[in-house]
Every structure is written in structure tokens, then in C-alpha cells.
Amino acid sequence: MDNNNWMQQLLMLGIGTTSLVADKVREASDRLVKDGKLDPEQAKAVMDDMVQQLKSEQGTWDAQMQRQLRNMLQDLGVARQSEVDELRGRIDRLERQVRDLENKLWR
């Protein structure tokens, strides 16, 4: 499975979870307003604070998920892009050296 696809699915899960939490908080505040336990202005302030906090935590969550995914891929032995690029460069140099040696032998 494509690593970017995993990352995208995890990100979407986080966004979905955040959205679900926001919806549940909104429902709870609406019930409190309806029951007269909270006035609409207080409910709006609580909801705004909660949404702001969820948005700020979303960035932290994304970073943690990316770090966890990198660690998991490293544990599985999947090479990082920089390692693959380095190996490609080494292969290119070795192929050039082999061609040079072959050309010297044919002269």
C-alpha cells in the first residue's frame, strides 16, 4: 500500500474525529441551552473555545501521527527517500565506472 495513502487515511481519520467531537459538543451545548442551564451567549463562547482548541490540537495530532508513521516504517525497514536517492546516486557512479572500465578494455 502506498505510504501517502496511509498518511492521507490517518489524516482524514483525525479530521473526522475532530469534526465528530465538535458536533457532539455542539449538541451538548444546544441541550444545555434548551434546558435553560446555559444561556445562548455562554454556549456560543464555550463552542468557539472548544473549536479553537480542537483546531490547535489538530496540528499537534498531525505531527504526532506523521512521527508515529515514520517510526513504524523505520521499524519495518522501509527506506527513507533520502536513503533511496543516495543509493541511486551510488548506483549511477558505479555504472559509470563499469562503462569506463569496459571502454578501456575494448580500446
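All of the points below concern the structure found in this document. (Residues numbered from 1 in each chain as written. Predicted model: local features only at pLDDT ≥ 70, side-chain atom pairs only at ≥ 80, totals over all residues. Heavy atoms only, no water.)

1. Quick word on the pattern of salt bridges
Close approach of charged atoms allows side chains of opposite charge to pair.
Step number 1: Scanning the model with the defined rule gives 2 salt bridges in all.
Step number 2: For Glu83, the salt bridge goes to Arg80, with nearest N and O atoms at 3.8 Å.
Step number 3: Given a relative accessible area of 49%, Arg80 falls into the partly exposed group.
Step number 4: Between Arg88 and Asp85 there is a salt bridge whose closest N-O contact spans 3.7 Å. With a gap of 3 residues between them, Arg88 and Asp85 both fall in helix 3 (residues 81–106), about one helical turn apart. (Salt bridge = Lys/Arg side-chain N within 4 Å of Asp/Glu carboxyl O. Buried < 20%, exposed > 50% of the residue type's maximum accessible area, 1.4 Å probe, protein only. Helix = DSSP H or I, 4+ residues; strand = E, 2+ residues; numbered from the N terminus.)

2. Some thoughts on a positive patch on the surface
Step number 1: Taken together, the side chains of Arg90, Arg93, Arg96 and Arg99 define a basic patch exposed on the protein surface.
Step number 2: Note on placement: Arg90 falls in helix 3. (Patch = residues over 30% accessible without salt bridge, like charges linked within 9 Å, V, L, I, M, F, W, Y side chains within 5 Å. Areas by Shrake-Rupley, 256 points an atom, 1.4 Å probe, with all protein chains shown as cover. Lys, Arg positive; Asp, Glu negative; His and termini not counted. Charge placed at Lys NZ, Arg CZ, Asp CG, Glu CD.)

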